[in-house]
Amino acid sequence: MPPTGGIDIEILLEHVSKRYAQAGYAALEDVSLHIDSGSWVFLVGASGMGKTTLLKLLYREELADSGRVLVDGNDVAQMPGSRLRRSMGIIFQTFRLLEKKTAFENIAYGAEVLAMPPDEVRKRTREILELVGLANKAGRMPGELSGGEQQRVAIGRALINRPKLIVADEPTGDLDPENSDRVIQILDTVHREHNVTVLFATHAVDIVNRLQRRVVRLEHGRVVSDALGGYWAGNGEETE
Ligand SMILES: Nc1ncnc2c1ncn2[C@@H]1O[C@H](COP(=O)(O)OP(=O)(O)OP(=O)(O)O)[C@@H](O)[C@H]1O
Ligand SMILES: [Mg+2]
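Residue positions are given per chain, counted from 1 along the sequence in the order it is written. Whichever chain is written first is A, and whichever ligand is written first is 1; the rest continue in order. Per-residue local features are limited, in this predicted model, to residues with pLDDT of at least 70; the limit for side-chain atom pairs, both in listing and counting, is 80 or more; totals at the level of whole chains, interfaces and linings are taken over all residues.

## Things to note about the overall build of the chain
In step 1: The secondary structure listing takes helices from DSSP runs of H or I that are at least 4 residues long and strands from runs of E that are at least 2 residues long, numbered from the N terminus. The helix and strand inventory of the chain stands at 7 helices and 10 strands.
In step 2: Here the globule rule reads 2.2 Å times residues to the power 0.38, and the radius of gyration is calculated from C-alpha atoms. Here the C-alpha radius of gyration of the chain, 18 Å, is about what a compact globule of 240 residues would show, namely 18 Å.
In step 3: Contacts here follow a simple rule: the backbone-placed C-beta atoms of the two residues must lie within 7 Å. Long-range contacts, defined here as pairs at least 24 residues apart, represent 71% of the contacts in the chain between residues at least 6 apart.

Here you go:
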């Protein structure tokens with residue numbers, strides 16, 4: 001999906017603040033950020049600094065108290081959450097698969113609910129199973145798959161409707177280095193080959209520094225640095 005001319009911004013936050021009802025401080029404070037279509041951005045910062053909150057605003061699991069959040073030109077406050085969530089691929093640290101459905105069914109489900117023709121669903125699902133390296137495990141239940149395999153099913157699920165944007169919240173947080181690398185490889189393939197925008201929240205210093213992409217760092221709900229290909233020293237915490 002090449003830009004159609006002019007600036008093509010996938011995500012735009014303008015002076016966004018968010019305070020949870022129970023909290024005495026803001027989870028996000030006056031955050032302004034734009035992310036171009038087709039780019040890859042890491043969102044980093046120590047625990048509790050606002051990464052998940054920022055991502056939740058994009059798929060409208062939370063609403064900002066003030067400021068504007070636009071995704072692909074649409075103000076999320078004006079859009080049904082279900083439509084927003086269908087337009088993007090969302091990946092979580094804990095895979096959140098449907099436990100009573102096979103790998104194939106978990107991936108296919110998001111297309112079925114949109115009433116895509118069954119032949120097309122099957123074709124896409126098979127292609128995705130190849131992409132994530134699970135063609136030979138299509139019939140397994142999540143409980144019969146390793147953590148790394150379950151996360152690859154979850155990535156497949158996120159890709160079924162060919163999103164322009166992938167939002168990933170610590171997708172490698174529960175994985176060992178080898179499985180983390182596979183996750184990165186799959187996302188990078190989709191990013192490069194289909195110009196998909198990736199916003200990736202993580203604590204994984206090694207991944208961030210290896211990929212040398214744009215790094216946005218949050219501290220107490222504010223953007224404190226935003227650098228292209230920047231080296232990140234980490235949070236001074238264990239890095240998963
Ligand atoms: N549902 C909620 N209700 C009240 N406070 C919340 C809620 N969710 C998050 N917070 C608070 O908002 C702040 C930001 O949390 P958030 O989950 O965005 O951080 P994070 O950067 O994703 O952290 P982690 O790296 O641990 O996932 C924290 O102080 C957190 O305690
Ligand atoms: Mg988080």
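## A short note on the sheet that holds strand S6 (residues 88-91)
In step 1: Strand pairing is assigned whenever DSSP identifies at least 2 bridges connecting the two strands. In space, the 6 strands of this open sheet follow the order S6-S7-S8-S3-S9-S10, with mixed pairing throughout. Two strands lie at the open edges of the sheet, namely S6 and strand S10 (222-228), each paired on one side alone. Sheet twist, expressed as the average angle between the axes of neighbouring strands with direction ignored, equals 15°.
In step 2: The pairing of S6 with strand S7 (residues 165-169) spans 4 bridges and is classified as parallel. Its bridge partner lying in S7, Ile91 is registered against Ala168. Interaxial angle, 0 to 180 degrees, is taken between N-to-C directions of lines fitted to C-alpha atoms, where a helix line uses only the stretch in contact.

## Looking at the site of ligand 1
In step 1: Any residue whose C-beta atom, as set from the backbone, lies within 6 Å of a molecule or strand is reported as near that molecule or strand. Around ligand 1, the neighbouring residues are Tyr20, Gln22, Ala23, Ala27, Gly45, Ser47, Gly48, Met49, Gly50, Lys51, Thr52 and Thr53.
In step 2: For this scheme, ten residues count as nonpolar: Ala, Val, Leu, Ile, Met, Phe, Trp, Tyr, Cys and Pro. Four count as charged, namely Asp, Glu, Lys and Arg, and the remainder, Gly too, count as polar. Across the shell around ligand 1, the residue classes tally to 4 nonpolar, 7 polar and 1 charged.

## As for helix H1 (residues 51-58)
In step 1: The exposure label follows from counting other C-beta atoms within 10 Å of a residue's C-beta, where the C-beta atoms are placed from the backbone and the thresholds are 20 or more for buried and 12 or fewer for exposed, leaving partly exposed in between. Of all the 8 residues making up H1, 6 are buried; the element is thus mostly covered by neighbouring parts of the structure.
In step 2: Just downstream of H1, Arg60 is the residue with a positive phi angle, here 60°.

## Observations concerning helix H6 (residues 177-194)
Owing to its 3.6 residues per turn, the α-helix brings residues three or four apart onto one side.
In step 1: By definition here, a helix of n residues has an expected span of 1.5 Å times n minus one. Along its 18 residues, H6 runs 25 Å from first to last C-alpha, staying within 8% of the 26 Å computed at 1.5 Å per residue.
In step 2: Turning to H6, its buried residues number three or more, namely Ser180, Val183, Ile186, Leu187 and Val190. Across the axial projection of H6, the buried residues extend over an arc of 130°, all falling on one side. Away from its buried face, by an angle of more than 90 degrees, H6 presents the exposed residues Pro177, Glu178, Gln185, Arg192 and Glu193.
In step 3: Packing partners of the buried residues in H6 comprise helix H4 (118-131), helix H5 (147-159), S7, strand S8 (197-201) and helix H7 (205-211). Directions from the helix axis toward the C-beta atoms define the arc.

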